[in-house]
Amino acid sequence: MLIQEMTWQASLDFLARTQLGRLACAQGAQPYVVPIYFSYNNDHLYTFSTVGQKIEWMRANPLVCVEADEVLSSELWISVIVFGRFQELPDVPEWRSERSLAHDLLQRKAMWWEPGYVRTILHGTERPLVPVFYRIHVTEITGHRAIPEPGNAV
Ligand SMILES: Cc1cc2nc3c(=O)[nH]c(=O)nc-3n(C[C@H](O)[C@H](O)[C@H](O)COP(=O)(O)OP(=O)(O)OC[C@H]3O[C@@H](n4cnc5c(N)ncnc54)[C@H](O)[C@@H]3O)c2cc1C
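Here the structure is a predicted model, which means the values were calculated and not measured. (Residues numbered from 1 in each chain as written. Predicted model: local features only at pLDDT ≥ 70, side-chain atom pairs only at ≥ 80, totals over all residues. Heavy atoms only, no water.)

*Asks:* Looking at this structure, how should I read helix H1 (residues 8-17)?
*Replies:* For an α-helix, 3.6 residues make a turn, and residues three or four places apart therefore share a direction. For H1, the set of buried residues is Ser 11, Leu 12, Phe 14 and Leu 15. Down the axis of H1, the buried set is contained in an arc of 155°. They therefore lie on one face. Structurally, H1 contributes buried residues whose contacts are with strand S1 (2-6), strand S4 (39-41), strand S5 (44-50), strand S6 (63-73), strand S7 (76-88) and strand S10 (131-147). (Buried < 20%, exposed > 50% of the residue type's maximum accessible area, 1.4 Å probe, protein only. Helix = DSSP H or I, 4+ residues; strand = E, 2+ residues; numbered from the N terminus. Arc of directions from axis to C-beta. Contact = heavy atoms within 4.5 Å.)

*Asks:* What is the right way to look at the environment of Ser 49 in this model?
*Replies:* Note that Ser 49 resides in strand S5. Remark: the alpha-carbon pair of Ser 49 and Val 130, spanning 81 residues in sequence, is separated by 8.2 Å. At 2.7 Å, the side chain of Ser 49 and the side chain of Lys 54 are in polar contact. (Polar contact = N/O pair within 3.5 Å; in protein donor to acceptor, adjacent residues only side chain to side chain.)

*Asks:* Help me understand the pattern of salt bridges, please; the structure alone is not making it clear to me.
*Replies:* As a working rule, side chains carrying opposite charge can pair if their charged atoms are close by. Inspection of the entire model under this criterion finds six salt bridges. Note that Glu 98 and Arg 135 form a salt bridge whose closest N and O atoms lie 2.6 Å from each other. Here Arg 135 lies in strand S10 and Glu 98 lies in helix H3 (residues 96-106), a separation of 37 residues in the sequence. The exposure classification of Glu 98 matches that of Arg 135, with both residues buried. Linked by salt bridges that have partners in common, Arg 22, Glu 67 and Asp 69 make up one network. (Salt bridge = Lys/Arg side-chain N within 4 Å of Asp/Glu carboxyl O.)

See below:
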């Protein structure tokens, strides 16, 4: 197997054709990772949630990391890592067009709202459903691609 670096553009192209990633945020020295769906557009990952731990942590510390991959086999895969900044898209006039863009991008996927907007009962208490649109501004990106090495069948 050979691992090749992907260009910045090839890494962005991959984000544009995938939708599931793992979002890492941190509070102090404690990291927290959750799977999320997103839609990529113009250096941003757009996504949707309700208020919970990840939103509270990202409001306090907007520096995040997102990993997305496509694994066809142990030696044929793509993995992209984004370093970025959380930006909330509040329901106020200044953010209306970005919020509406997020909505338009996300609704290209059927049932797009379901994983982010779902009744959640934790420790016997139902969490209030407060919708939050947000985006991650991509500040750095790396992509690695694994391919089988020709003539090196294992
Ligand atoms: C394929 C997939 C796609 C998803 N897409 C989205 C999306 O687009 N938007 C979105 O908001 N959510 C999505 N989710 C759900 C997401 O992973 C979180 O579970 C959810 O957003 C709640 O996160 P929170 O930080 O608000 O957790 P809270 O509800 O505040 O959670 C409190 C505690 O519950 C535990 N917990 C939370 N989430 C998980 C989890 N996934 N697995 C195990 N333990 C957990 C943690 O220990 C956390 O400390 C998706 C999940 C999957 C599997």
